[in-house]
Every structure is written in C-alpha cells, then in structure tokens.
Amino acid sequence: MLPPSERDFVSLTLSESGSYTNGKQWRRQSCLRKWKQLSRLQRSLILFTLMLLLVCGIVTSPTLIAHWRDGALGENTDDGKQPFVLDLKNEYKFVLPEPPSEKKGLRRRGPPVLQSRLHSKTNASEGGKAVVSWREAVIDQGQVFDTDIKEAEIQEITHESRLEAVREAFRHAWKGYKDFAWGHDELKPISKSYAEWFGLGLTLIDALDTMWILGLKDEFAEAREWVATELSFDKNVDVNLFESTIRILGGLLSTYHLTGDSVFLEKAKDIGSRLMPAFNTASKIPYSDVNIGKGTAHSPQWTSDSTVAEVTSVQLEFRELSRLTGDPKYKLAVMEVMNQVHKLDGKNDGLVPMFINTNSGQFTHQGIYTLGARADSYYEYLLKQWIQGGKKENDLLEDYLQAIEGVKKNLLRKSNPLGLTFVGELSHGHLSPKMDHLVCFLPGTLALGAHHSLPADHMELAKELIETCYQMYAQMETGLSPEIAYFNMHEGSKQDVEVKIADRHNLLRPETVESLFYLYRFTKDKKYQLWGWEILQNFNKYTRVSTGGYSSINNVRDPAYPNPRDKMESFFLGETLKYFYLLFSDDPDLISLDKYVFNTEAHPLPVWPDAE
Ligand code: DMJ
C-alpha cells in the first residue's frame, strides 16, 4: 500500500482571496431568502430551464464539438496534423502517427500523388472527358488507366524497402496484439483490450504462416510456443464451421507444410475432428455452428439454413486433412456437399443463391445472385479444388466455367464516367449496381484460372476488374475502399463510385491486395505494385494506432474523421499483410502458384503432387 502522501486524494482549500466582504455576504443571503420563498414547482422550473440552456450551449458550440469529435474520439485532424485521443488524464496522445516509411525519408504516395499526377496529365490532354475525383481533383478519363507509369516512379522506393515496410507494419500490428490481446481472438487497439469470438487465439493462429513467410523468426517462435503449450480445443464453445475451418484448420495446416513442425499437424487433426459433427444433418449439408467441446452442432437460432459460401468453402482444408491423415472421412464429408450442390436446381447460368437448407438440402431465398457476401468463395473454391486435385475433377471445372459465363452474361456492367467494368447483383431479374469489396477476390481468381490454362479472356476480365477494385480505393478521400460501393451508370455522373452512409467502413480487408498480388505475379506489370504501395500508405495513414495495432474505420470518406472502430480483424495479419508482402516480392518461388493454392483466408496448401 502506498504511504498517505502518495495516495490519490481530492482536497478543497479555501484561499484567502476567496473571502467575502460583508456586502457580498448580504446579497447572497438575500438571494437565498428569495429562493426559499419560491414554491417547489417554481424552483424546479427555474432549474430545468437553466439545465436546458446549459445543454443547448454545449451542443451548439462548434469549438466544443470539434474538440470532442477530434479529441475524445481520436480522429485525424483536417490540417494534416496527426490525430489524437483524449485520455483519462486530459492529455492528448497521437493515435494514428506518420507512416514509418515517411519517417525513413521515403516519399509518400497514395491519393495526393495520384491526384497531382493525374491532374497534370489532364492539362496535357485537352478535350479529354474530365471527371471529378476525390478532393475535387480533376481526372482525365483517358489517363486513369494509363499503364505507362514511369519506371523512375516505381524505382524511387526500392524493392527491399517495400518488403521492410510490410514487415514493420506486421511488427506494429503484432506489438498491439501481444501487449493487449495475447492468446485472445482479436485486438481492440484503441481501448487496448481484446475481443473474443471463439476464445481460441484466432489472430495468433491466423498470423502464424504470415510470420514464417515474412521471416519474423522471433515472433514466430513465441507464437509456436503458445500453440504447443497453451492452445486447447477442449472447450465448451460454439464455433462457426466456416470461420474456424478457414482460419484455424487452414492456418495450422499451412504452417505445418511450411515448417514441417508436427505440433501444427497434431493441432490441425484435433480441431478438424472436433468440427466434424457439423456434417451430421439430414441432408449432409452442414450446420453453421459446432460446439467443439460437446461434439454437438446446430443452425443459427433463427433458421435451419446455412450459407452457400460457407458450406462450399471448407473443402480445400478437409480434403488436405484426409490426405495428411490417410483418413477419408473428412474428404468424403465435404465432397458430398459439392456433389449435392453440383446437382441442385435453382442456379442461374451457374450462379448460386445465397442460402441452402440443412434439412431439405435445397437452395432457399432464391432469385438473388451475387459474387459478394454469402456466395463469393463458392466460386473461388470450385477453381481451387480443381487445381488442388491435379485438374482432374471435371464437375468442379464445369461449374466454375459455367459460373464465370453466368457472371459475364448477368452481372457485368460499365460505370460512368470512366467506363469501369463492375460486378453488380441480380435481384429477381433487376440488376443493382452494388459491389461488395469482397467481390475483389474475383480478379485474382480469374487470373489464377487463366494461368492454369483456362480461357485467355478470363485474364482480360481480371485486368478490367482489378482496375475497378483499385478505383474503389482511389476515388475515396482516404484512398481506402468502402465495404460496399455503388457504381453510377447514368450519363453525366461525376464519379463512378458512390457510397451509402451505412457502407462507408473499411475492415482492413484483403481482397484487392490479394488480386493485385495475382495480377502482378502473372503479368509483372509494376503498376500493380504501385497501387498496392498506395494502399499500404493509406492503411498506415488512417488505420494505424500508435500504441500498437491497426483499427478498422467507420468512414473512408472523411480523412479528417475516419473514426476508428477499435477492432483489428485477424485477417489483417493472416491475409492483408501477407498479400502485401507477396505482391512486393519479385520472387516467383515465394509460395509458387504452381505448387500451392491459397485457401480463402490466404493460407497456402499444397497442390497434390501425385493427385489421387
Ligand atoms: C476472410 O475471412 C476471408 O477472406 C473470407 O473469404 C472473406 N472474409 C474475410 C476477409 O475479408
């Protein structure tokens, strides 16, 4: 216990200058008398009016609002200074400091540079159709897709310094996780605490192979020790089958392959077998949730449906588990799902609805077709299972090829004014120009297919779509994409990408960086690295928390007020930073795309050598 002198206490002292004169005392007593003569109702009314005036005064004071908004919530400032939070001692602390690359004297890229580059080109091309981009910058349509980025611009930041910038970003994210969330699922970097989802150290497991690929040996060794000594799946906890398969099972399997360390294989077997009760349904279409301690499984409380993307995006992992263990039960369970979905009615030119019933095994809520949430990775896993198994499973390939034709026929449109190709959503015959950021996995998947000898026009479409995904970042004021974009299709629109208020958040998602990586690997066009570098700079500028970690943000449209959500998703370490690193690496053998397929959480699994 501290001595009394050092303990916190509050003292009130009347100073001499505070003593009253007789006149003042008299006036005070007289006021008091009048106050006491009032009825209780009169006194209450006066007090209520005074309170009302006080509250109105505070609420309408612009200075106070700005102070509260910028200070208490930890936002960026308008004048380009660093944002701050008001901590409990009333001191200001920086939350989102200068990106490390700037500290090292590297030139910042991102929207301001893009803006001036495009602006000067506009002046040079008079008569070109001009559009207004972020911060009112005028962009010449013809120049936006200029692939002729000067070599000097690319070389100004060296290859190695980009890789180091990713390592530094990872270390910074890891520091936050280690300091405030070690062994828990997710870091809450602003409140310096953690959030549990399954209570299984999700971020740590998701990040294992990223550390290995980035060469962060000390961090990896510490995390490996936690897995070996602390991680237990013997817990009475409900987990989501899909999320725990792609993040935990996938993360453990890929780390086993990269390291050869059997501790990861043993853990993978343990979680894999604990997830199997999900497949005990009347239809064999799995439930969404499993209790890994009790061995029971169930649908969500409100429905007996599962999500189509979820039940068809666990196959890479369970197939691999069967191959490694020699036990076919995992593979049989997940291939049964694929076989059923292959035969189902209710598809539209190969496009699937978003829900499937665990009792009947039939699609439900038919009529809506999207490449976004709830359907996305169904398409990704058709192609990747075909590659994983040695390109022999024809049903998978047929379904994939038919679906891509379905996308072309039903979902593709051009935006205005730039003519960006986007993937909309079909709802009962009506095309909505809505595109989730999640859809940005598609350019990478199309490019991967083309690399594996699928039609060359898939690569052309991939190139068009990745430019759209990049513009979802570049047309925003922060240079970061919203969760969902709406594309203008009307003549005379000023910019292509519109965002609804509810969709302005950015969760540090990986899909665009993932596709940039594939496009760069296959084309070697340096513009993809440059675009990725811009995006990394903007993550550093608007989402980095000074005490460690990165935070998803609420508003990509307001650089002065991005409004951190206080959460670092595990996929930021598992996927986003890994894809950044692979994008900036020029080594085609660093996770060769002929030897590995990435699961949908960016965990590389081997293409089967002698595909059975
Ligand atoms: C990840 O968990 C996976 O990439 C999944 O396929 C989609 N959602 C997140 C990332 O956005």
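Below you will find a few notes about this structure. (Residues numbered from 1 in each chain as written. Predicted model: local features only at pLDDT ≥ 70, side-chain atom pairs only at ≥ 80, totals over all residues. Heavy atoms only, no water.)

Glancing now at the state of the cysteines. Inspection of every chain in the model, using the stated rule, returns 1 disulfide. Covalently, Cys440 is tied to Cys469 through a disulfide, its sulfur atoms 2.1 Å apart. One disulfide, between Cys440 and Cys469, carries an S-S torsion of -100 degrees and so falls in the left-handed class. Here Cys440 is found in the loop between strand E18 (434–436) and helix H18 (442–451), whereas its partner Cys469 is found in helix H19 (residues 456–474), with 29 residues between them in sequence. (Disulfide = S-S within 2.5 Å. Helix = DSSP H or I, 4+ residues; strand = E, 2+ residues; numbered from the N terminus.)

Here we take up the packing of helix H11 (residues 241–259) against helix H12 (residues 262–275). Put simply, H11 and H12 touch, their axes get as near as 8 Å, and they point 155 degrees apart. Classified by the interaxial angle, the pair formed by H11 and H12 is roughly antiparallel. For the pair H11 and H12, the sense of crossing is left-handed. Taking contact as the criterion, the partners of Leu241, Ser244, Thr245, Ile248, Leu249, Leu252, Leu253, Thr255, Tyr256 and Thr259 in H11 are, on H12, Ser262, Phe264, Leu265, Lys267, Ala268, Ile271, Gly272 and Leu275. (Axes fitted to C-alpha atoms, helices over the stretch in contact; angles between N-to-C directions. Parallel < 35°, antiparallel > 145°, perpendicular 65-115°, else oblique. Left-handed = near helix turned anticlockwise from the far one by under 90°. Contact = heavy atoms within 4.5 Å.)

On inspection of all chains with the given rule, the structure shows 31 salt bridges. For Glu168, the salt bridge goes to Arg544, with nearest N and O atoms at 3.0 Å. Taken together, the residues span a long stretch of sequence, with Glu168 in helix H8 (residues 159–180) and Arg544 in the loop between helix H21 (527–542) and helix H22 (570–584) at a distance of 376 residues. The buried category is assigned to Glu168, whose relative accessible area is 18%. With relative accessibility at 5%, the residue Arg544 sits in the buried group. (Salt bridge = Lys/Arg side-chain N within 4 Å of Asp/Glu carboxyl O. Buried < 20%, exposed > 50% of the residue type's maximum accessible area, 1.4 Å probe, protein only.)

Our next topic: the site of the ligand. With respect to spatial proximity, the complete set of residues near the ligand consists of Ile246, Arg247, Leu438, Arg509, Pro510, Glu511, Phe571, Glu575, Thr600 and Glu601. In the environment of the ligand, an oxygen atom lies 2.6 Å from a nitrogen or oxygen atom belonging to the side chain of Arg509. Coverage of the ligand by the protein amounts to 92% of the 290 Å² it exposes when considered alone. When each cavity is represented as a set of grid points, the ligand is found to reside in the largest pocket. Only H11 and H22 provide two or more residues apiece to the shell around the ligand. Taken together, the residues of the shell around the ligand break down into 4 nonpolar, 1 polar and 5 charged. (Near = heavy atom within 4 Å. Polar contact = N/O pair within 3.5 Å; in protein donor to acceptor, adjacent residues only side chain to side chain. Areas by Shrake-Rupley, 256 points an atom, 1.4 Å probe, with all protein chains shown as cover. 1 Å grid on protein atoms, 1.4 Å probe; cavity = no way out; pocket = protein on both sides within 12 Å on 5 of 7 lines; lining within 4 Å. Sits in = over half its atoms within 2 Å of the grid points. Nonpolar A, V, L, I, M, F, W, Y, C, P; charged D, E, K, R; others polar.)

To continue, consider the layout of surface pockets. The volume enclosed by the largest pocket comes to roughly 660 Å³. Residue lining of the largest pocket: 30 residues in total, with Phe242, Glu243, Asp376, Leu438 and Arg509 positioned closest to the centre. Mapped onto the lining of the largest pocket, the elements with two or more residues apiece are strand E7 (238–240), H11, helix H13 (308–311), helix H16 (376–388), helix H20 (511–523) and H22. A per-element tally of the lining of the largest pocket places H11 first, with 4 residues. Considered class by class, the residues forming the lining of the largest pocket number 12 nonpolar, 4 polar and 14 charged. (Points joined across faces, edges and corners; volume = space filled by probe spheres on them.)

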